[in-house]
Every structure is written in structure tokens, then in C-alpha cells.
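Letter by letter, the chains look like this.
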Number of protein chains: 2
Amino acid sequence: MDTGPVSRSPRQPAAALLLVVAVALASAARSDEPSPPPTRGLAALVAASSPADWRPLDDENTLYLDLASGRVVIELAPLLAPLHVANIKALVREGYFDGLAIYRAQDNWVVQWGDPDEQRQVRDAKTSLSPEFTVEVDADFPFRPLPDRDGYAPQVGFSNGFPVGMDPATHRAWLTHCYAAVGVARGNEPDSGSGTDLYAVIGHAPRHLDRNITLVGRVMQGMELLSTLPRGPAPMGFYEQSKQQVPIRSVRIASDLPAAERSQLEVMRTDTALFAELVESRRNRLDDWSRVPAGYTEVCNIPIVVRPRAP
Amino acid sequence: MDTGPVSRSPRQPAAALLLVVAVALASAARSDEPSPPPTRGLAALVAASSPADWRPLDDENTLYLDLASGRVVIELAPLLAPLHVANIKALVREGYFDGLAIYRAQDNWVVQWGDPDEQRQVRDAKTSLSPEFTVEVDADFPFRPLPDRDGYAPQVGFSNGFPVGMDPATHRAWLTHCYAAVGVARGNEPDSGSGTDLYAVIGHAPRHLDRNITLVGRVMQGMELLSTLPRGPAPMGFYEQSKQQVPIRSVRIASDLPAAERSQLEVMRTDTALFAELVESRRNRLDDWSRVPAGYTEVCNIPIVVRPRAP
């Protein structure tokens, strides 16, 4: 067994493997040179946070995907896909998804839902949209860049709690395909996605899809209800038989529900000094477990912290 | 619904989302300048492969983790963790894991197994080992570098079918924490891992763990048996109650079994022209679905193809 201190807990024989919850270390500052501030780990940062370090989910742009197993909470990012977000909300409000199903789960790739039989009619929403693989942003676009170079984008960072890519030369931005990203499935034609079929990333970030398909948001709670679904036996993870499909009870917009039925959640803001410290703590871990600081991090390896709102 | 051609298949309304199985496109070469060769997608490359593009799994270094749900096949990489691979094989051969359990599953992180009660005695294997976070390699070390820059390592690439990092300046190499990587849990002390507690990566690659813990191999088949396990309700995904744990029927080394009981698998070699073409096809996708080639890829985003051996 492990001889480290964590091995004393019977149920956590190697708990230190996950020292994401890093121990705060005071760095001994030398007066003759600038020294970086002490780096606290995630748990310490959350404990030290103030109400201003958090924002509530935007109920007008938050979907509840209700399954028999529980609720998946998805926050949409209207700044980064305005047409698609509006159309998905129109689909939700006409009840498009109610009674449909998750019809695909492919390991290390995506879970996908919509109408497996392609029979459901769209009433008022649009059935085709201009692609929003990237969108033009102005100087007011909230963006906190990561310090490290990214292979897939000129720049990456966070916007209002969402991981994004950015091209300063063209003033265009896009949501990135990190774990839990939610996007609009499409056929070969760029305008063939309307939001009737959505997917969530359940594996390693498929960043090569960035700028090739419209992402609309991110699962903020309930990812495990999607990530643990049985993988589909057919090619690309499709469920071959209807009994394998996972029924969708309903999809609703949070603001359409009475307060008592809403999931009261808040997300750590990404434009704060606290978040900057979190990023630095991931770039260079200073805890009792880590030995070699990476000196680097990537946009899909920074935790987006979500928690219940204080009452 | 999608208006693309794939929407004709009732069960695949947005199948093109996963055009990993890319359509081969002939690139129109202009005679006055060098042109890259046409890039074929994964399915076309597999179809075009010859027996020399594959190698059988090394049965002497392949573990079968047998669960009620099926078999997880793990290939060990003795070149990259000789002490730990030898000790894990010693543990397996003394029956250490038989009847133990998977006791942890944390979403977007790891599944971990061993003795949740820390009662099982180690007979002949070692209980402490020098860390093999990196190992020294010589000029004969098989290594196919990726063309792209990596944020976490001076160089990344593949060695005998395993994703690896490399520091040419120090002649040291290490397995990287990609999806399906298998490692040796440890406590805070670097030598506190012996192989009694192992983990597999089930989410986005936690590359910051590279060089901080000893990886020993990779799940080659059966990942979905681990990745779909219910996430543990306790902190860090531990199962709080023994009834939540997933019993391990046995762990055995392939070469210790009669041929009829072995999983006959082969893996695509990573030192071939075919694999180089696969890498290029992932850097720049040329298919009917993709619109913007990434011009980049990363070591954890290249598929390691495993299939049944031809009889």
C-alpha cells in the first residue's frame, strides 16, 4: 500500500493522486528579488472567495435536460452563438425535445440527442441557420486570455465562464471543444444544423472541431448523467435499438420555471484576481504531492467551478 | 433535422459530426509547386494497411482485468517503467488483485482499483519502488516525434504504440497522461507507489500529472467498462460503501493463459509511413465535413487503433 500520509484513510489509499485540492504553501519571499505570490490550490481558493467571485447562472439562457436519472444543467452562451441559442430556446419553448431521446454515446467522444426517428416536426423555430462556427466580437467582448500558447487557436481564454478561442487579427471568437461543451450537430453542409440535434463532449477535448461546428454552451451540472451512459454498439456509438435510447422527459428553460423548481447554481467568475490565481495554480502546482510543475496549462484543463448558490 | 446527406439514415441524423472516418479526397496537385500527398482518413488508412502496419499486443506484458461486465485489456510498456511493470506482473502472478475492487470513479478524471480496505497482504512483490516518473533512454529507443509543438513536454510522439513525452536534452522519456493511460497511484512520497493501486484516465488528458507519477501502460480494449462506471459520491469519486465497489474477478497476464482464453488483438504500429499519414490526416482534415483544418494536433488526439487479429 502507499506509505504516504493519505494511506491512513481506508477508503482513500491513494487519494493524493488527486491533489487537485492542493495544500496551500507559503512561499518564502526573498527581499532582494520579485517573487511570485504564494499559490493556493482550488479548495483554498474557493474557501477564500467572496460573493463577487461568483455569478449566478443566467436562467434565461440555462436549459434543464431532465432524464429519469436526474437533471443535466446546460448554460448557453448567447454572445458566442446568438442565432443558435435563440433557435434552441424557440425549440425548447415549443416542446420540441420533450419525449425525444439520447440516441448516441461514443466513448471518448460525444453523447448526442434529438429525434432518432426524424419524425418530430418543428413548428415555429427555424430548421436551418447560418453557421456560427466563429462570431465577430467587439472591444467590449469579455475575454480573459490564458498566458500560455495554444496549438489550435491564436489565443485562448475565458469569457464569462466559458472556455473560448480568439483570433485578435480577425476579431472573431468561438467556444472551444472542452469536456462538457455542448454543440449543434450538423451534416456536411455548414448551415445544416439548427439545434434539433445537440451533443456534449464526454472525452478528451476534440479541439480540431473548433471553428468547424457551432458550439452553444456547456454542461454546468449533471455531466455524469451523460458520461456514464452505456456506449452505443453501432458505429459511432449509435444505439441500434430504440430500447437502448435514453428518453428525454423534458427540456425547459430555467426562467420559464417557478423559482422553487430551478437549480440554484453559481459559477466562479473568470474575470477576477481569484480566477487568475487559480490559473496560475494549475500552471505551476505547489502542493505536497506535485514534484514537477508543468509551467503550462491549457484552456480545457482549467476547472470551471459550479456550486449551489448560497440561500 | 439536418439537411446534409447523412440525415437520410434514420438512426444517424447527424452522423457527420463524427467524420473521423474521413472521406478520401484527391488533392489537385499543381505541377509548378510541391504539393502534399492526398490525405486519407482513418477508415481508408485501415483499409489500405498491410500486415506490416500492425503488431500483436505483447502477451507477456498484457493484463486482463476481468470484471462481471467483461474484460479490460491493458498493455504495459516495460521500456518506460521497467521496475513498476515487473512488480505489477509479480503482484498479478501472486493473485494480489483477485477479488479486490474498483473503489473510485471520478468524472473527467480517473477510475482507480486495488484493495479498498488495505487488508490484502503482498507476498513476494515489492511494496515500495523507486519512482519511474521518467526513464533514461538511449539512441535505440523507438520514438516517432509528432511535428507539432507541445505545451507540456519538449517533445512528444509515439513509442511502440504508446504516447510519450521526451526531453532530448536529458535523454529521458515518459508515458503521457492521455485518455486510457494506466498509472500507479501513490501518496505524497515519490516512492510510495508499488502497483497495488492502479488508475486509468477516463477524461480530458491530465497532462500536468506527467513526470509526477509513474505510468505503466494503456487500456487497449474495454475502456467503456471503466468509463461508464457510476461516479463515486464521496470526495474525489470514492465509493463510500462497499456495495458500490466494482469487484475484480481476476487480473491475469495474457501469456499465462492458454491461447484460447487470450484476447487476440493487434495495434497499429506507430513507426510506419501509414501512421505518419494518419497523423497528418489529423493535423489537417480533408474530408467532406471539415471546413477549417486545424494545422495542428496533439499527442492525446491521435487514435491508437486496436482490432482483433486476423486468424
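Every value quoted in this text rests on a predicted model; they were computed, and no experiment measured them.

Our focus in this paragraph is the overall build of chain A. Across its full length, chain A holds four helices and 16 strands. Counting over 311 residues, chain A shows a buried share of 59%. Only carbon and sulfur atoms are counted for the fraction: they give 52% of the accessible area of chain A, which is about 12,200 Å².

A few words on the sheet that holds strand 11 (residues 181-184) of chain B. All names here are of chain B. An order of 2-3-13-11-12-5-4-14 is seen for the eight strands of this closed barrel, with the pairing classed as antiparallel. Neighbour-to-neighbour, the strand axes of this sheet turn through a mean angle of 35 degrees, independent of strand direction. Pairing of strand 5 (residues 110-114) with strand 12 (residues 198-201) involves four bridges; the strand directions are antiparallel. Bridge pairing links W113 to L198 in strand 12. Together, strand 2 (62-67), strand 3 (70-76), strand 11, strand 12, strand 13 (215-221) and strand 14 (246-253) form the strand contacts of helix 2 (residues 82-93), whose direction differs from that of strand 14 by roughly 110 degrees.

Looking now at the state of the cysteines. By definition, a disulfide links the sulfur atoms of two cysteines through a covalent bond. Residues and elements named next belong to chain A. Enumeration according to the criterion identifies two disulfides over all chains in this entry. Each sulfur of the disulfide joining C178 and C300 lies 2.0 Å from the other. Measuring handedness by torsion sign, the sulfur bridge of C178 and C300 sits at about -80 degrees and is left-handed. Within this pair, whereas C178 is found in the loop between strand 10 (172-175) and strand 11 (181-184), its partner C300 is found in the loop between helix 4 (273-283) and strand 16 (306-308), the two being separated by 122 residues in sequence. The pair C178 / C300 is uniform in exposure class, with both members buried.

Right, let's get into the pattern of salt bridges. All names here are of chain A. The tally for this structure, following the rule as stated, stands at 32 salt bridges over all chains. Note that R55 and E75 form a salt bridge whose closest N and O atoms lie 2.8 Å from each other. With R55 in strand 1 (residues 54-56) and E75 in strand 3 (residues 70-76), the pair connects residues that are 20 residues apart, well separated along the chain. For R55, a relative accessible area of 13% puts it in the buried group. Classification of E75 as buried rests on a relative accessible area of 2%. With a shortest N-O distance of 2.8 Å, R283 and D148 are connected by a salt bridge. Here R283 is found in helix 4, whereas its partner D148 is found in the loop between strand 7 (144-145) and strand 8 (155-159), with 135 residues between them in sequence. Taken as a pair, R283 and D148 share a single burial class, namely buried. Among the ionic contacts, a cluster of salt bridges with common partners joins E60, K89, R93 and D256.

What follows covers the confidence of the model for chain A. Residue and element names in this part refer to chain A. In this model, chain A carries an average pLDDT of 89, and 87% of its residues clear a pLDDT of 70 or more. In the model, residues 1-36 has pLDDT below 50 throughout and makes 98 contacts with residues more than four positions away in sequence or in other chains. As a predicted assembly, this complex carries a pTM of 0.90 together with an ipTM value of 0.90.

Residue and element names in this part refer to chain A. Note that T176 resides in the loop between strand 10 and strand 11. Given a relative accessible area of 2%, T176 falls into the buried group. Apart from the residues lying within four places of it in its own chain, the contact partners of T176 are P163, V164, G165, A181, R207, D210, L215, V299 and C300.

All names here are of chain A. The end-to-end C-alpha distance of helix 2 (residues 82-93) is 16 Å, a good match for the 16 Å that 12 residues give at a rise of 1.5 Å each. Residues H84, V85, N87, I88, K89, L91 and V92 constitute the buried set of helix 2. Check the buried side of helix 2 and you find it contacts strand 2 (62-67), strand 3, strand 11, strand 12 (198-201), strand 13 (215-221) and strand 14 (246-253). One or two positions beyond helix 2, positive phi appears at G95, with a value near 75 degrees.

The next point concerns the side chain of T62(A). Residue and element names in this part refer to chain A. Its place among the elements puts T62 in strand 2. For T62, the side chain forms a polar contact with the main-chain oxygen of D58, separated by 2.8 Å. In this view, T62 contacts L57, V73, I74, E75, R252, I253 and A254; residues no more than four positions away in its chain are not counted.

Right, let's talk about unusual backbone geometry for a bit. Residues and elements named next belong to chain B. The phi angle at N108 is positive, at roughly 55 degrees, despite the residue not being glycine. Along the chain, N108 turns up in the loop between strand 4 (101-105) and strand 5. In the Ramachandran plot, A180 falls in the positive-phi region, its phi being about 85 degrees despite a non-glycine side chain. Considering the arrangement of structural elements, one finds A180 in the loop between strand 10 (172-175) and strand 11. The class of A180 is buried, set by a relative accessible area of 2%.

Once that is clear, we can look at the pairing of strand 8 (residues 155-159) of chain B. Residues and elements named next belong to chain B. With four of five residues buried, strand 8 is to be regarded as a mostly interior element. When strand 7 (residues 144-145) meets strand 8, the two strands line up antiparallel, connected through two bridges. The residue of strand 8 that forms the bridge with P145 is G157. In terms of strand pairing, strand 8 meets strand 9 (residues 162-167) through five bridges, oriented antiparallel. Bridge pairing in strand 9 links V156 to G165. Where strand 8 hands over to strand 9, the hairpin turn is made up of two residues, of which N160 adopts a positive phi near 60 degrees.

Ordered in space as 6-10-9-8-7 (chain B), the five strands form an open sheet in which the pairing is antiparallel. Edge positions in the open sheet fall to strand 6 (135-136) and strand 7 of chain B, since each of these has one partner strand only.

To describe a pair of aromatic rings, one takes the distance between the centres and the angle between the planes. Within the structure shown, the criterion is met by eight aromatic pairs over all chains. A cation over an aromatic ring shows up here: R186(A) above the ring of W289(B), its NZ or CZ 3.9 Å from the ring centre. Directly above the aromatic system of W54(A) lies the positively charged group of R307(A), at a separation of 3.7 Å from the ring centroid.

Residues and elements named next belong to chain B. With respect to the helices and strands, P142 occurs in the loop between strand 6 and strand 7. P142 sits in the partly exposed class, given a relative accessible area of 35%. Taking the C-alpha atoms as reference, P142 lies 9.6 Å from L79; in sequence the two are 63 residues apart. Each residue touching P142, except ones within four places of it in the same chain, is listed here: L79, F158 and S159.

Conventions we followed
Residues numbered from 1 in each chain as written. Chains lettered and ligands numbered in written order. Predicted model: local features only at pLDDT ≥ 70, side-chain atom pairs only at ≥ 80, totals over all residues. Heavy atoms only, no water. Helix = DSSP H or I, 4+ residues; strand = E, 2+ residues; numbered from the N terminus. Buried < 20%, exposed > 50% of the residue type's maximum accessible area, 1.4 Å probe, protein only. Areas by Shrake-Rupley, 256 points an atom, 1.4 Å probe, with all protein chains shown as cover. Pairing = 2+ DSSP bridges. Axes fitted to C-alpha atoms, helices over the stretch in contact; angles between N-to-C directions. Contact = heavy atoms within 4.5 Å. Disulfide = S-S within 2.5 Å. Salt bridge = Lys/Arg side-chain N within 4 Å of Asp/Glu carboxyl O. pLDDT = per-residue confidence, 0-100. Expected span 1.5 Å × (residues − 1). Polar contact = N/O pair within 3.5 Å; in protein donor to acceptor, adjacent residues only side chain to side chain. Phe/Tyr/Trp six-rings, centres within 6.5 Å; stacked < 30°, edge-to-face > 60°. Lys NZ or Arg CZ within 6 Å of the ring centre and 35° of its normal.

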